[in-house]
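Okay, here's what each chain looks like letter by letter:
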Amino acid sequence: MAADNLPSEFDVVILGTGLPESVIAAACSRIGQRVLHLDRRTYYAGNWASFTFPGLLSWIDEYKQGTTNEAKEWRDKLKEGEEAVLLNSVDRSISNVEVFCYASEESETEDKDEPDLPVTKASGVAEGGGDDPTAEPADRTDPDSQGTADEEQPFQTPSDTDPQPQSHVNGQRGFSEDQSPKKEGDAPPDQLSVTPGAGDTVQDPNLPPQSTAEPKREKITYSKLIKEGRRFNIDLVSKLLYSRGSLVDLLVKSNVSRYAEFKNVTRILTYHNGKVEKVPCSRADVFASKQLTMVEKRMLMKFLTFCMDYEQHPEEFLDFKDRSFSEFLQTKKLTDNLQHFVLHSIAMASETDSTAEGLRATRHFLQCLGRYGNTPFLFPLYGLGEIPQCFCRMCAVFGGIYCLRHSVQCLVVNKESGRCEAVIDTNGQRIGCSHFIVEDGYLTEERLRNVQYRYISRAVLITDRSLLRAESDQQISLITVPPLEAGQPAVRIIELCSSSMTSMPGTYLVHLTCRSSGTAKEDLAPVVSRLFSEYGESEGNDCSEEEKPAVLWALYFNMRDSSDVERSSYDLPGNVHVCTGPDAALGNDHSIKMAESIFQQLFPDEEFCPPAPNPEDIVYDGDGGQPEDAGFGSPEQNEPSRPEEGTVPSEPVKSEESADPKQDSERHPPASAEETGTTD
């Protein structure tokens, strides 16, 4: 189906493919609504997207250019008694983009296909940046791909004392002798495919074997980053999944979890007393810790036990309900070290957060321990951009139509009823709809009433080693850095290893996030300079314990945070609903609750994202044959081969057939034109 020949009527039209929009699309399609899902960008997930390294360079370049898509005339599509509400054609949610490259330009062979670089090489001086309006890239060179969950044999990541199953790499699953597959009917309720922690992973046969010994670091040049760039999957937003958070619960409930694989976050770290330290947070960590005395271990366990049911002991905290959590901790006979661990790394609270907020956050952290591993967090293989694509895939399977590089120019509003009756797309086609969902970045300033946006400061670093050396170099770590000086924000760092399928072997991908008080560079550079060094004199030398990780490449930018903007701030028809972009929180609860709230306003009598049937559970009428475009594979084919770029398979993806390790890190876009009439 051509993009200029879409059906003229839909129940729901959705503009933007970010996480909340994609969840709503899946929920609406699942209950039988006719869904049209559009995005002006050339890639899925909007500000939640993940890019390969070349793709990210294209994204940076296009954002600085601020290009727009051509659109056909729309005025002749209006009828008497109708008016148009115009939408933005340019995304202005990203600003202050600055790029720094510290890796050498040297290369053994000249790469003729190397793209133009939006960066001053090996100088640390940003080129361009500023507040120029931004737009989507005209040509995204990286195909989307994602890992997959096992539909027939889901398993729960064992706790500290359980034997750990062997890892599966790109869909190849195995179990140790102590962990056999679950029999039919015995699957646990938490049906997420989660790889075990560091030290238990199975090495990809296409990659060189990894050693626990610290190797001599090889020199990494910029040309090598470009050459191996498709192994990177770099997120625009940096978050983790709480194992008992809204997003994980929704993934399990809806069966969308089968489209993705997850990996445990193996370490909780903090910056304390001038160095990076491991935070003991589970019972096993506390008693195994060598940095705590026996008295401190007892203190910490007693306090954490209290936090699990603190509401049953109001006499211990009610006097502090109007005081800060920091003040409350000082009264609990905790040492300075323990107060730091609880405040900054377990509750992840600020010095001004209330006692009630701190206790709730601490309890939530503790409740998430043990569901899938020894830490509360999960991370999706291939990056966070996989999650919106998983829900887009669910929508496509149930009949949703997807169009990229395609947008809505204006809403058609009936002056008498005040409702949106149709939209006019960039091809000039009028499309009727009952409900319209829009990402807030598409709204013009004329539709906003005195809105003051907050901003998020982001930095993405490619480094040559981990912030904290360990027996295994395959660690996903969460690091909290309290304010280094008065007036500076606290910074959250997520460090990703190559086994998360987000960076090439021998490098780490480091995400820094904080609430903005200035530009991203101003907010985050002090932390970067404190924890990292520039890649230069130490390259190629043996690592020493005191040596800082070296930064090969760095990106800074600010992202708009509209999560606190009220619905009443938008001057829009009643059947037009607005989804906000990513917020500054570590989890995804705000976006999932917003998606569910909007869905319930649209369809108050319908269930939100009911479970999708597994392929083997479907019974077909007639001769029992499967329809050509049913959207499911045969039961015996559990994971099919990878799709071509621009299509989404209707089944989980198989990767063991790929002999090229570069292909193993590609991601799949979520919409199949053949299945659903999708077009780019």
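The preceding data block contains the structure.
Residues numbered from 1 in each chain as written. Predicted model: local features only at pLDDT ≥ 70, side-chain atom pairs only at ≥ 80, totals over all residues. Heavy atoms only, no water.

Peer 1: Sorry, what's going on with the pairing of strand β11 (residues 275-278) here?
Peer 2: Consecutive residues of a regular strand have side chains that alternate between opposite faces of the sheet. Across 4 bridges, strand β10 (residues 267-272) lies against β11 in antiparallel orientation. When the sheet's bridge partners are listed, Leu-269 is paired in β11 with Lys-278. Linking β10 back to β11 in an antiparallel pair, the connection comprises 2 residues, with Asn-273 at a positive phi of about 55 degrees. (Pairing = 2+ DSSP bridges. Helix = DSSP H or I, 4+ residues; strand = E, 2+ residues; numbered from the N terminus.)

Peer 1: What is the right way to read the layout of surface pockets from this model?
Peer 2: Roughly 1300 Å³ of internal volume is contained in the largest pocket. Surrounding the largest pocket, 40 residues form its lining, Met-348, Asp-353, Arg-515, Ala-585 and Leu-586 being those nearest its centre. Here the element with the most residues in the lining of the largest pocket is helix α9 (residues 355-368); it accounts for 6 residues. Per-class residue counts for the lining of the largest pocket are 17 nonpolar, 12 polar and 11 charged. (1 Å grid on protein atoms, 1.4 Å probe; cavity = no way out; pocket = protein on both sides within 12 Å on 5 of 7 lines; lining within 4 Å. Points joined across faces, edges and corners; volume = space filled by probe spheres on them. Nonpolar A, V, L, I, M, F, W, Y, C, P; charged D, E, K, R; others polar.)

Peer 1: I would appreciate a short explanation of the sheet that holds strand β12 (residues 377-380) in the present structure.
Peer 2: Strand pairing in a sheet is mediated by backbone hydrogen bonds. Such pairs are either parallel or antiparallel. Read across the open sheet, the 4 strands follow the order β6-β9-β12-β8; overall the sheet is mixed. Single-partner strands in this sheet number two, and they are β6 (194-195) and β8 (241-242). The pairing of strand β9 (residues 262-264) with β12 spans 3 bridges and is antiparallel. Following the sheet pairing, Phe-262 is matched in β12 by Pro-380.

Peer 1: It is not clear to me how helix α8 (residues 336-346) should be interpreted in this structure. Could you clarify?
Peer 2: In an α-helix, one turn spans 3.6 residues; hence positions three or four apart end up facing the same way. Counted residue by residue, α8 has 9 buried out of 11 residues, so it is predominantly covered. Within α8, burial applies to Leu-338, Gln-339, His-340, Phe-341, Val-342, Leu-343, His-344, Ser-345 and Ile-346. The inward-facing, buried residues of α8 abut β10, β11, α6 (294-308), α7 (325-330), α9 and β18 (477-481). Once α8 ends, the next one or two residues include Met-348, with phi positive near 50 degrees. (Buried < 20%, exposed > 50% of the residue type's maximum accessible area, 1.4 Å probe, protein only. Contact = heavy atoms within 4.5 Å.)

Peer 1: When you look at the environment of Val-256 in this model, what are you seeing that I'm missing?
Peer 2: Tracing the chain through its elements places Val-256 in the loop between α4 (246-254) and β9. Judged by its relative accessible area of 2%, Val-256 is buried. Sequence spacing of Val-256 and Met-394 is 138 residues, and the spatial spacing of their C-alpha atoms is 6.9 Å. Ignoring any residue separated from it by four or fewer positions in sequence, one finds Val-256 in contact with Leu-251, Cys-390, Phe-391 and Met-394.

Peer 1: Please clarify how the pattern of salt bridges should be interpreted in this entry.
Peer 2: If charged atoms from side chains of opposite charge come close, those side chains can pair. Under the criterion given, the structure shown has 18 salt bridges. A salt bridge links Arg-41 to Asp-91; its shortest N-O distance comes to 3.1 Å. Placement of the pair is Arg-41 in the loop between β2 (35-38) and β3 (50-51) and Asp-91 in the loop between β4 (82-86) and β5 (94-101), with a sequence separation of 50 residues. Glu-316 is paired through a salt bridge with Lys-332; the nearest N and O atoms lie 2.9 Å apart. Of this pair, Glu-316 sits in the loop between α6 and α7 while Lys-332 sits in the loop between α7 and α8; the two residues are 16 residues apart in sequence, bridging distant segments of the chain. For Glu-316, a relative accessible area of 33% translates into the label partly exposed. (Salt bridge = Lys/Arg side-chain N within 4 Å of Asp/Glu carboxyl O.)

Peer 1: Mind showing me how you'd approach the packing of aromatic side chains here?
Peer 2: To describe a pair of aromatic rings, you give the distance between the ring centres and the angle between the ring planes. Evaluated as defined, the whole model comprises 19 aromatic pairs. Plain terms: the ring middles of Phe-53 and Trp-553 are 5.0 Å apart, the flat faces sit at 85 degrees to each other, and that makes the pair edge-to-face. A residue pair is termed long-range when its members are at least 10 positions apart, and Phe-53 in helix α2 (residues 53-65) and Trp-553 in strand β22 (residues 550-561) qualify at 500 residues. Accessibility assignment for this pair places Phe-53 and Trp-553 in one class, buried. Look at Phe-599 and Phe-603: their rings are 5.6 Å apart centre to centre, the planes differ by 55 degrees, and that puts the pair in the tilted class. The exposure classification of Phe-599 matches that of Phe-603, with both residues buried. Members of the aromatic cluster, joined through ring pairs, are Tyr-43, Phe-51, Trp-59, Tyr-63 and Phe-557. The lysine or arginine in question, Lys-521, covers the ring of Tyr-556, its NZ or CZ lying 5.8 Å from the ring centre. (Phe/Tyr/Trp six-rings, centres within 6.5 Å; stacked < 30°, edge-to-face > 60°. Lys NZ or Arg CZ within 6 Å of the ring centre and 35° of its normal.)

Peer 1: Is there a simple way to think about the packing of helix α1 (residues 19-30) against helix α12 (residues 589-602) in this case?
Peer 2: Each packed pair of helices is defined by two parameters, the angle between the axes and the distance between the axes. Contact geometry for α1 and α12: axes closest at 9 Å, N-to-C directions at 40 degrees. Our classification of the angle between α1 and α12 gives oblique. For the pair α1 and α12, the crossing hand works out as right-handed. Across from Leu-19, Pro-20, Val-23, Ile-24, Ala-27 and Cys-28 in α1, the residues of α12 making contact are Ser-591, Ile-592, Met-594, Ala-595, Ile-598, Phe-599 and Leu-602. (Axes fitted to C-alpha atoms, helices over the stretch in contact; angles between N-to-C directions. Parallel < 35°, antiparallel > 145°, perpendicular 65-115°, else oblique. Left-handed = near helix turned anticlockwise from the far one by under 90°.)

Peer 1: In this structure, what is going on with the environment of Tyr-535? I would like to understand it.
Peer 2: Summarising the element assignment, Tyr-535 is placed in the loop between β21 (533-534) and β22. In sequence terms Tyr-535 and Tyr-102 are 433 residues apart; their C-alpha atoms lie 5.5 Å from each other. In this structure, Tyr-535 is in contact with Tyr-102, Ala-103, Glu-218, Lys-219, Ile-220, Asp-464, Ala-550, Val-551 and Leu-552, ignoring residues within four places of it in sequence. In terms of polar contacts, Tyr-535 uses its side chain to reach the backbone amide nitrogen of Ile-220, at 2.9 Å. (Polar contact = N/O pair within 3.5 Å; in protein donor to acceptor, adjacent residues only side chain to side chain.)

Peer 1: Would you take a moment to explain the packing of α4 against helix α10 (residues 386-397) for this structure?
Peer 2: One way to put it is that α4 packs onto α10 with a least axis distance of 12 Å and a crossing angle of 30 degrees. With respect to each other, α4 and α10 are oriented roughly parallel. Here α4 runs over α10; the crossing is left-handed. Contact residues: α4 offers Leu-247, Leu-250, Leu-251 and Ser-254, while α10 offers Ile-387, Phe-391 and Met-394. Residue composition of the contact of α4 with α10, grouped by class: 6 nonpolar, 1 polar and no charged.

Peer 1: Would you mind going over the pairing of strand β15 (residues 420-425) with me for this structure?
Peer 2: The buried fraction of β15 is high, at 5 of 6 residues. Here strand β14 (residues 408-414) runs beside β15; their pairing, made up of 5 bridges, is antiparallel. Within β15, the position partnered with Val-413 by the bridge is Cys-420. Adjacent in sequence and paired antiparallel, β14 and β15 are bridged by 5 residues, among which Gly-418 carries a positive phi angle near 75 degrees.

Peer 1: It is not clear to me how unusual backbone geometry should be interpreted in this structure. Could you clarify?
Peer 2: Peptide bonds are trans in most cases, and residues, glycine excluded, mostly fall at negative phi. Unlike most non-glycine residues, Asn-273 shows phi in positive territory, near 55 degrees. Following the sequence through the fold, Asn-273 ends up in the loop between β10 and β11. Judged by its relative accessible area of 60%, Asn-273 is exposed. Backbone geometry at Cys-609 places phi at a positive 50 degrees, although glycine is not the residue there. One can find Cys-609 in the loop between α12 and α13 (673-676).

Peer 1: Even after reading the chapter, I still don't get the side chain of Ser-254, so can you show me in this structure?
Peer 2: Locating Ser-254 in the fold gives a position in helix α4. Engagement of the side chain of Ser-254 in a polar contact is seen with the backbone oxygen of Leu-250, the distance being 2.7 Å. Not counting residues up to four positions away in its chain, the partners in contact with Ser-254 are Phe-391, Met-394, Cys-609, Pro-610, Pro-611 and Ala-612.

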